[in-house]
Amino acid sequence: MSITEISIKRPSLILVVFLVLTLAGLFSYTKLGYELIPKFDMPFIIVNTVYPGASPSDVENSVTRVVEEAVSNMENVLSIRGSSMESLSLVFIELKEGTNIDLAMQDAQRNLNARARLLPDDADPPSLTKFASDEFPIISLGVTSDAAPVEFFDIINDQIKPSLSSVQGVGDVRIIGGQEREIKVQVNRQALEARGLTILQVVQAVNTANLDFPTGKIENESEQIIVRLAGKFKSIEDLRSLNIASDPRSGSPVKLWEVAEVYDGKKERETISRTDGRSGIGIQVLKSSDANAVAVADGILGKLDGLKEQYRSINLQFEIANNQTDFTRAAVDAVSHDLLLAVVLVAVVMLFFLHSFRNAVIVMLAIPTSLISTLIMMYAFGFTLNMMTLLAMSLVVGILVDDSIVVLENIYRHLEMGKSRKEAALIGRNEIAFTALSITLVDVVVFVPIALAEGIVGKIMGQFALVVTFSTLMSLFVSFTLTPMLASRFSRLEKFSEKSIAGFVFNGFERRLHRLNNWYARVIDRILTPVRIPYRSSASRLTNKTHFNFYLNGILVVFGAFALLVASFSLVSGGYIGSAFVTNGDRGEFIIKFELPKDATLKETNLALLSAEKYLRQQKEITGVFAYAGLSSGMMGNVETPYVGEIAVKLVPKDQRELVTDFYAQKIRDELERRLPGVKVTSAPVSFFGGADQDPIVIFMSGANSQSVMTYANQVLAEIKKIPGTLEAKLSIEEGTPEIKVSVDRERMANLGVRMDQVGVTMQTAFNGNSDGKFRANSKEYDITIQMDDFNRNSVDDIASLSV
């Protein structure tokens, strides 16, 4: 007994099967997550190492080369590229396709741990990250309040951040900007020299006097008590009145306040954040790898109202600078609406061609039953509702009805021949079985290889191809079971009266369709009809004439089709149709990046951004301006550099402005370059992943001699700039930050008993500060930063006058 015969004779069994599939599909739908595109990992590992205060050359020699040597013996490595910047080393490890990224990161971490002793003591431990489609912030917030800067930062760091981190699915919460509390010890060089002291003695005195020691316990027969030496400073006055040494001339104790100004202050800003011109703090939220981005965003947004109410006394306000899930929701909603529209249109078309409301409904049941069953597969394979899977569902709507239409049409033909409904359903399906099977297998053999493709395309398109394949196979199962079962119960011959509205519409459509068919038949007949050309055969001695059949119209059609094919390819090769990996669409958001000369301070960068913000807020098309001075975002995360900054801009909806985002961003960039002389301005629409687009073309050049590489690189750059359409072509190697090199007389150092490490630590403490000591207040610790005061560290003479 065939599956169709079982369906016809045991309809309750089929109804139960599809009821179970429907319930399981609806349950799977509730468990599916939302994403913009399917998650994928690129075969890249990025090693990030911070070396505070080091120049690019020092970073290159002391950090980047050590890291490159450490990871050079890893397996499956295609290339290793290092980039050295001020205080930062980035090493990119490109792996072979198919490599397990997580295992490769563990291997890299082991190799780095084995070489950690070769890194400078002041360098932070290397951190490893991988490039994945979900490693970007899903929400960026601008937070403002009326609280004092230090209090505001503490609230954000100690209250707001933990609250947001508690939302299920949140992986990390980053804070940008703000001013943290710091106990400053500003040492006066002249006062130190007058007492014969050095700044290292001040550091040692402060750190050794600010200690808590567990010293053991005391016991007796009834109890035991832990003994702890509480030596931490309890107040700023305790620190200020600390005895740091004895005056070598008078022997009297030297208090810290005599040689330094001690006060409760704020850390020097490394980044500055503003929201629509108001100073504030930026917050970026990243989700965990297996979390639902939309659910995480909803959880974050749900927390904000409660936090605003909780901190209403300081007028806490949140502004959403970027919500990646907004675009995800819009894309998913658009595809969902298209899917619903496609279902409706298919129903209407089926009704016009089948001339039966019942048959149209039977055919339409193939769509929801197949799609809902597909959700089970998506949940089982860990798929998400994203643009690719929903696009597959939209595309497959027309395919899903093919099998059922073929089967139902043949069943209807047997009904017209006078057979009973059950007999017509069984015979009609059996006759057309291999035709329906071939229709389905054609789609399967097209899309299955796409799911097996390697590389990024395979990872992105894999879910698309499998959803199409599975839903198509389900449609075949429906056409062999549900469709003939319903036809055996509900199908019937329907004739519409010419006097009825339905008859007027459907019979009128049928007549026009027949006229169209007749016209098409005449065209085909004309194409296939040859032109008879008479000629006299040379082989014959007779004078009779013969005819040669010349298919002129057919040849014209073939040549016309070939010409259209060539012309269509020429549209791409001629540049009329562009190409891109993924188009961003018009999201109404773009990012402007600013770069000042390398010796620019954070203050100068901030002033440039203030001028740009003032101009941007005057533009009627702009609804939001979020500025970050001293920070630049990219694929490697946020990089803090004092001479760079960026502004995230939000625009009104595209129907309320004349220019698309790309052109508007370019227009703003050109205007800002004119308004900010000496500042390099670049702009880019927000990318598919939520950040600014990276350079689309990167050329790497390497060689044994850096000078020759630079020479050839400049020649290549000059040629690239000549190519029409190129914009902002530049070298990745740029002039470093101006620096002062201090050379020492080693012989005199040896005679005076001074070591090189003493000189280095003294200079580092004087000009960069020492923050080893901590000041405890209300169960929270703040840095005690000891360094020369501003007056004694603003010129080259201050370096030469430093006492060691």
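Given the structure is predicted, the values throughout are model-derived calculations rather than measurements.

Draft legend 1. Here's a closer look at the nonpolar core. Counting 61 residues, the largest nonpolar core has Val 346, Ile 367, Leu 371, Met 378, Met 393, Val 467 and Leu 482 as its most contacted members. Those elements that place two or more of their residues in this core are helix H2 (11–31), helix H11 (324–354), helix H12 (357–364), helix H13 (366–380), helix H14 (387–416), helix H15 (421–451), helix H16 (455–480) and helix H17 (482–490). Residue contributions to this core peak at 14 residues, all from H14. Contacts of Met 393, omitting those with residues within four sequence positions, involve Leu 339, Leu 371, Leu 375, Met 378 and Val 467. Core analysis: the next-biggest nonpolar cluster, separate from the first, contains 30 residues, Val 203, Ile 236, Leu 239 and Ala 260 among them.

Draft legend 2. A look at a nonpolar patch on the surface. A cluster of nonpolar residues, Leu 516, Trp 519, Tyr 520, Ile 524 and Leu 528, forms a patch on the protein surface that exposes about 540 Å² of accessible area. With respect to the secondary-structure elements, Tyr 520 resides in helix H18 (residues 501–528).

Draft legend 3. Local environment of the pairing of strand S14 (residues 278–287). Taking burial as the measure, the 10 residues of S14 include 8 buried ones, the bulk of the element. Examined bridge by bridge, strand S5 (residues 139–144) and S14 share 5 bridges and lie antiparallel to one another. Bridging across to S14, Ile 139 finds its partner in Val 285. In this sheet, S14 lies alongside strand S13 (residues 272–275) in antiparallel orientation, the contact comprising 3 bridges. In the sheet register, Arg 274 faces S14, and the bridge partner there is Ser 279. Count of turn residues in the S13/S14 antiparallel hairpin: 2 residues, of which Asp 276 carries a positive phi of about 50 degrees.

Draft legend 4. Spatial organisation of the sheet that holds strand S22 (residues 770–777). Strand order in the open sheet formed by 4 strands is S12-S7-S23-S22, and the pairing between neighbours is mixed. Single-partner strands in this sheet number two, and they are strand S12 (260–266) and S22. Averaged over all pairs of adjacent strands, the angle between their axes in this sheet comes to 25 degrees, without regard to strand direction. As judged from the 7 bridges shared by strand S7 (residues 181–187) and S12, these two strands associate in the antiparallel manner. Paired with Glu 182 across the strands is Gly 265, a residue of S12. Running at roughly 165 degrees to strand S23 (residues 780–788), helix H7 (residues 199–208) makes contact with S7, S22 and S23 of the sheet. Set on the sheet, helix H24 (residues 756–767) makes contact with S22 and S23; between it and S23 the angle comes to about 110 degrees.

Procedures and definitions
- Along each chain, residues carry numbers from 1 onward, in the same order as the chain's sequence is written.
- Residue-level local features of this predicted model are given only where pLDDT is at least 70; pairs of side-chain atoms are given and counted only at 80 or more, and the full residue set underlies all totals for whole chains, interfaces and linings.
- Hydrogen atoms and water are omitted, and side-chain values are computed over all heavy atoms in the structure.
- Take the buried Ala, Val, Leu, Ile, Met, Phe, Trp, Tyr and Cys residues and link them wherever side-chain atoms come within 4.5 Å; each set so joined is a nonpolar core.
- Only protein chains enter the accessibility calculation, which uses a 1.4 Å probe; a residue is then buried when its area is under 20% of its type maximum, exposed when over 50%, and partly exposed in between.
- A run of DSSP states H or I qualifies as a helix once it reaches four residues; a run of E qualifies as a strand once it reaches two. Both are numbered from the N-terminal end.
- Contacts between residues were defined by any pair of non-hydrogen atoms, one from each residue, lying within 4.5 Å.
- Nonpolar side chains (Val, Leu, Ile, Met, Phe, Trp, Tyr) within 5 Å and like charges within 9 Å form the patches, drawn only from residues with over 30% relative accessible area and no salt bridge.
- In this description, accessible areas are obtained by the Shrake-Rupley approach with a 1.4 Å probe, and a residue is regarded as covered only by the protein chains that are shown.
- Only one rule defines a salt bridge in this text: a Lys or Arg side-chain nitrogen within 4 Å of an Asp or Glu carboxyl oxygen.
- Here, strands pair whenever DSSP counts at least two bridges between them.
- A fitted line through C-alpha atoms serves as each axis, taken over the contacting stretch for helices, and the angle formed by two N-to-C directions is quoted from 0 to 180°.

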